[in-house]
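Fold and contact review
Here are the chains, one letter per residue:
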Amino acid sequence: MARTLADALREFDDARLIELLNARRDLTSPIPLGIAPLAARATQPGSVHRALGSLVLPELQLAEVFAAYAGPVSPEQLARAVSTSTEQIAPHVYRLATLGLVFTDESGRSLVPVRALAEALPHPAGLAPRLSSDPSPDEARTIVEDLPDSLREVAHSLAFAPARLTGSPTSSLAKQLSSARLITKVNGADGPRLLIPRTVHLALRDGIVHRTFAHAPTPGPEAAPERFEGARDAQAIEAALEASRIAHTISTWHADPPSVLKRGGIPLRDARRLAAAAGTSHETWTSVIHAAWVGGLIGNDGETWQVTREYGEFSDASPARRWADLCSAYVRSNYLGALAGTRFGEVGLDGFAQGEPRTGETPRAALSASVGRKGVKVRRRHMLRHLADYPEREASAASLAESLAWAFPTVQRAALIEEAYAFTREAEAFGLIVDGVPSVLAPAALESLSLEEVAALDVLEAALDEKLPEPIDHILLDADLTVTVPGLPSARVVAVLEWTEVTSRGAGVVARVTSESIARALSAGGSADALMEELAALSLTGIPDVLAYLVRDEARKRGQVTVGPATSFITGEEEHLDRLMDSSEALRLGLKRLAPTVVISSGDPGFVMGSARAAGLAPLAAGGRGAAVDERTLGSVRGGPVGLELEADGREQVLDVEPSEAVARIRAADSGRLEEVSVPQRLLAAIAEEREVQIGIVDGRGGTRVLWVEPLALEGGRLRARDVESGEEFTVLIHRVLLP
């Protein structure tokens, strides 16, 4: 009997089996009962397709050679097919074997690909699919050797061209090529197509599948020297604090909240308006705001975007902690905030490409599924690791895209270019890249990805805290209403700056007090008396009379009516409301009593319902007009992405059990120490050993049809098999299959 993948896996030691299970984590869900079922699962088309996603470019090139030949390939033939030496391909072949995609034949001199590899790569290196009408390799060589001289130049140009040719099948050249058997006509869904048969195409290439063998990408150029020592550290700190400040501006959305698009997200005009109000670029604003969204600080009720309850805790935190929250949300998310407002394919390595947008395609909206993409966080981790590997090199979009293309060759090139471009803009917004060079904060971002959430936040906060200068607790006031903070403002100073219009940020802050800024602060609940007291305590230059008059004058205009938050109302018997007001929940609910039987709360109705139950009451849900409603219609504005659960990438799936434990169970089952073997496990074993089995198929009337079959694949609750007698393939639900 021919050697199978199961035979090869039985020769693996535990360390190599663990490496296999770590790389192909779908193989342990559930844990196969033996080496044969493990091998069969590893040869299933879906599993093989997922495994290809974990290959780097040179490994994918070798896999394409195996798919192109679809049979045993010697190491020498394999090396020649990718234009290199056997020494160069040896480590990559070893990994393909470790992943269970290839194995050595019984002679030990050739490598055999698993059957599903050719199915997963139907067009390897631009070759046509394998057809039953293809000439044999020997016939194909004869066809190429016997070509008339008039067609040799054309044949040479077709050698590494795509297998599908454009042009009319009835043209003179097409007829000549077809007559020479260099091309064939195949009927497709879109009409007749001209193809170069795979065997002929390989003969034209003289057996070479790839003209060059991929090597690890080269990093960017050496970084330019700093203008002065510590300049980049200062810029990184400034960017981190700026990200924290931009996120803080969401607290002003209540004045003119952005609307919610029908397809989800913020309209582009609202995004640009809010970015301008925050005093930053649209790309920086969307980068930070997406992190705030993923972190649960922003939500919507279907009509407008609002700040969630979690924002209060975020706002009270230190600047370093706020940045840590935002940065952690960013590096762990599957979103590309910097691409909001663009269409797919519009972004190049240098920014927006000059090209016509796709017909009917609308720009991607911020805070929507359109800027999400599966696997982004895995590729972002790769780019952060690239920064760590080359700290003295420029991290340009071009060098990052090249690195991504090497590590993720199965991902569309245009998508990788977009992600590299977005990363450079987003990393700059969070202070991870400065002047195209990794900053002092970048290593902490990479380290945080290997930690649990709480520990990750501590690492990020400590990285920024260590670099922050001592905050300044005083200000300078001038008669022209200018406020100067000569350094990093403290929390007290930041509160005062809320009453101003900031005109300049950098090593310090310069702001200006205006009647509009005072009016805005008073409308937000500020107190003129408290401001004057704080100015007196903080100012080293006293309070100019003109500033005092301006504040008092604006304060006199306020207070004609009082408006406060009352998200919920509560009515009931006086004794029950007394009980609620005296409960431990009262402070959290922000309760205010308007009458003996009426209380208002700043908490949303859903939150108040739960708190009332915690206080021992039995609340009834009521609508805006007081009539009883379904409690499920009352609820909080939920923060974070809604309706988009991006799948985890194959490289980051979590194993249900430790690989070592999984290997122990597989070994135990293989040695017969586990007795129960199910029908699927027995079929998987037959697939791995490529042997025929007798099965019974239960029909809809309860009868059973007995067949000898060759099981081919078992996925999705269905068995695909070939009838030994007729040679026909069929698919049947696994619960209809019986085994003797």
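Up top is the structure these notes are about.
The present account deals with the structure reproduced in this document. (Residues numbered from 1 in each chain as written. Predicted model: local features only at pLDDT ≥ 70, side-chain atom pairs only at ≥ 80, totals over all residues. Heavy atoms only, no water.)

1. Describing the overall build of the protein chain
This is how the line gets drawn: Put simply, DSSP H or I for four residues or longer makes a helix, DSSP E for two residues or longer makes a strand, and each gets a number counted from the N terminus. Accessible area is worked out with a 1.4 Å probe on protein chains only. A residue is then buried under 20% of its type maximum, exposed over 50%, and partly exposed in between. Surface accessibility in these figures is a Shrake-Rupley result with a 1.4 Å probe; residues are shielded only by whichever protein chains are displayed.
Helix and strand counts for the protein chain stand at 31 helices and 23 strands. In the protein chain, buried positions account for 47% of the 740 residues. Looking at the protein chain as shown, the accessible area adds up to about 36,600 Å², and 51% of this sits on carbon and sulfur atoms.

2. Things to note about the packing of aromatic side chains
Geometry of an aromatic ring pair is reported as the spacing of the ring centres plus the angle between the planes. What counts is decided by this rule: The aromatic pairing rule takes the rings of Phe, Tyr and Trp, using the six-membered ring of Trp, and pairs them if the centres are within 6.5 Å, calling planes under 30 degrees apart stacked, those over 60 edge-to-face and the rest tilted.
Summed over the entire model, instances satisfying the criterion amount to five aromatic pairs. Taking 5.1 Å as the distance between ring centres and 65° as the angle between the ring planes, the aromatic pair formed by W293 and Y335 counts as edge-to-face. Placement of the pair is W293 in helix α15 (residues 282-294) and Y335 in the loop between α17 (319-331) and β8 (347-348), with a sequence separation of 42 residues. Side by side, W293 and Y335 carry an identical accessibility label, which is buried. Where Y311 meets F314, the ring centres are 6.0 Å apart and the plane angle is 40°; that geometry is what we call tilted. Pair noted here: Y311 and F314 are both in helix α16 (residues 310-316), with a separation of three residues, about one helical turn. Owing to a relative accessible area of 4%, F314 belongs among the buried residues under this scheme.

3. As for the side chain of S403
Put simply, the rule reads: Contacts are assigned to residue pairs with any non-hydrogen atoms lying within 4.5 Å of each other.
Structurally, S403 is set in helix α19 (residues 397-407). If sequence neighbours within four positions are ignored, S403 has contacts with P217, H382 and H386.

4. Digging into the nonpolar core
What counts here: Take the buried residues of types Ala, Val, Leu, Ile, Met, Phe, Trp, Tyr and Cys, join any two whose side-chain atoms come within 4.5 Å, and each joined set is a nonpolar core.
Formed by 73 residues in total, the largest nonpolar core has its most connected members in L38, L78, L683 and I695. The element contributing the most residues to this core is helix α5 (residues 57-69), with seven residues. When sequence neighbours within four positions are dropped, the list of residues in contact with L683 reads V693, I695, P711, L714, L719, I734, V737 and L739.

5. Focus on a negative patch on the surface
Here is the rule we go by: By definition, no residue in a patch forms a salt bridge, and every one has over 30% relative accessible area; like charges are joined within 9 Å, nonpolar side chains (Val, Leu, Ile, Met, Phe, Trp, Tyr) within 5 Å. Salt bridge criterion: a side-chain nitrogen from Lys or Arg within 4 Å of a carboxyl oxygen from Asp or Glu. In this charge count, Lys and Arg are treated as positive and Asp and Glu as negative; neither His nor the chain ends contribute. Where a charge lies is defined by one atom per residue type: Lys uses NZ, Arg uses CZ, Asp uses CG and Glu uses CD.
Where like charges cluster on the molecular surface, the negative patch consists of E226, E229, E428 and D435. The topology assignment puts E226 in the loop between α12 (198-204) and α13 (231-248). Looking at E226, the relative accessible area reads 32%, which means it is partly exposed.

6. Quick look at the sheet that holds strand β15 (residues 509-512)
Which entries qualify depends on this criterion: At least two DSSP bridges between two strands are needed for those strands to be called paired.
On the basis of which strands lie adjacent, the open sheet formed by four strands has the order β12-β13-β15-β14 and antiparallel pairing. With partners counted over all chains shown, the strands left at the sheet margins are β12 (476-477) and β14 (501-505), one partner each. When strand β13 (residues 482-485) meets β15, the two strands line up antiparallel, connected through four bridges. Within β15, the residue paired with V483 across the bridge is A511.

7. Regarding the sheet that holds strand β21 (residues 718-723)
What counts here: Under this scheme, a helix contributes an axis fitted over its contacting stretch, all axes are lines through C-alpha atoms, and angles between N-to-C directions fall in the 0 to 180 degree range.
Taken in spatial order, the five strands make up an open sheet running β22-β21-β20-β19-β23, and their pairing is antiparallel. Where the open sheet ends on each side, the last strands, each with one partner, are β22 (729-733) and β23 (737-738). Sheet analysis places strand β19 (residues 693-698) next to β23, joined by two bridges and oriented antiparallel. The residue bridging I697 from the neighbouring strand is V737, located in β23. Helix α31 (residues 679-689) rests against β19, β20 (704-715), β21 and β23 of the sheet, and its axis sits at about 70° to β20.

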